Amino acid sequence: MEMVLDVYKRPLDPRYPVVCMDESPKQLIGETKIPIPASPGQPAKHDYEYKRNGVCNIFIACEPLAGKRMVTVTERKTKQDWACFIEKIAEQYESAEKITLVMDNLNTHSPGALYETFPPEKAKALWNRFEFVYTPKHGSWLNMAEIELNVLTGQCLNRRIDKIETVRKEVRAWQKSRNNKNAKVNWQFTTDDARIKLTRLYPTFDS
């Protein structure tokens, strides 16, 4: 936890950007009956029945200090999908010397995923572009990309969407709008705060 908080104290530096990455499933849900649109004094109405059309996966990466984010929607959530998203992040920061990437310690987020997806030379070159920083177990709340995901869900995806193409279209529009606003995460939680508010996590020493 303190290692992640130390990373968040680093100043904005285009040569060494600090990027946070997260992912989340999105269930594709279709209507079984035509919804009744909103009218003066009446909200839109949807039938309680719905049709399940599978699940897609949303990858998001954000650079909190720069107010930038990028989102990719995939059909699956595999090691290869993650590796391809890592490649996109590297392309986005092609002029950076080293990209610090904060993310959850999932079994798909590993060096092996790069080697299972790309030739060894490319996998090693990609791995060398990054400094990976993992949030601790039960500490995903330390990942600022989780905040961005919540914003994305609340502003864009918190409704029934039946096709992955529609999700992609909506996400692209949200990404463009939020980047144009240069929206940033105002992170305030520090190591000193952690040692006070989360004192139960620290060992007790006899004086």
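Residues numbered from 1 in each chain as written. Predicted model: local features only at pLDDT ≥ 70, side-chain atom pairs only at ≥ 80, totals over all residues. Heavy atoms only, no water.

Here we look at the environment of Thr74
Piece 1. With respect to the helices and strands, the residue Thr74 is situated in strand E3 (residues 68–74).
Piece 2. Judged by its relative accessible area of 11%, Thr74 is buried.
Piece 3. Each residue touching Thr74, except ones within four places of it in the same chain, is listed here: Cys56, Asn57, Phe59, Asp81, Ile164 and Arg168. (Helix = DSSP H or I, 4+ residues; strand = E, 2+ residues; numbered from the N terminus. Buried < 20%, exposed > 50% of the residue type's maximum accessible area, 1.4 Å probe, protein only. Contact = heavy atoms within 4.5 Å.)

What about the pairing of strand E4 (residues 99–103)?
Piece 1. Burial analysis of E4 places five of its five residues in the buried class, the great majority of the element.
Piece 2. Residues of E4 alternate between two faces, with Ile99, Leu101 and Met103 on one and Thr100 and Val102 on the opposite face, all of them buried.
Piece 3. Sheet analysis places E4 next to strand E5 (residues 130–134), joined by five bridges and oriented parallel. Bridge assignment links Leu101 to a residue of E5, and that residue is Phe132. (Pairing = 2+ DSSP bridges.)

Concerning the packing of aromatic side chains
Piece 1. Counted according to the given criterion, the structure contains six aromatic pairs.
Piece 2. Between the aromatic rings of Phe59 and Phe85, the centroid separation amounts to 5.2 Å while the plane-to-plane angle is 25°, which identifies the pairing as stacked. Note that Phe59 is positioned in strand E2 (residues 50–63) and Phe85 in helix H2 (residues 79–92), a separation of 26 residues in sequence.
Piece 3. Under the relative-accessibility criterion, Phe85 is labelled buried at 1%.
Piece 4. Ring centres 4.5 Å apart and planes at 35° place the aromatic pair Trp127 and Phe132 in the tilted group. (Phe/Tyr/Trp six-rings, centres within 6.5 Å; stacked < 30°, edge-to-face > 60°.)

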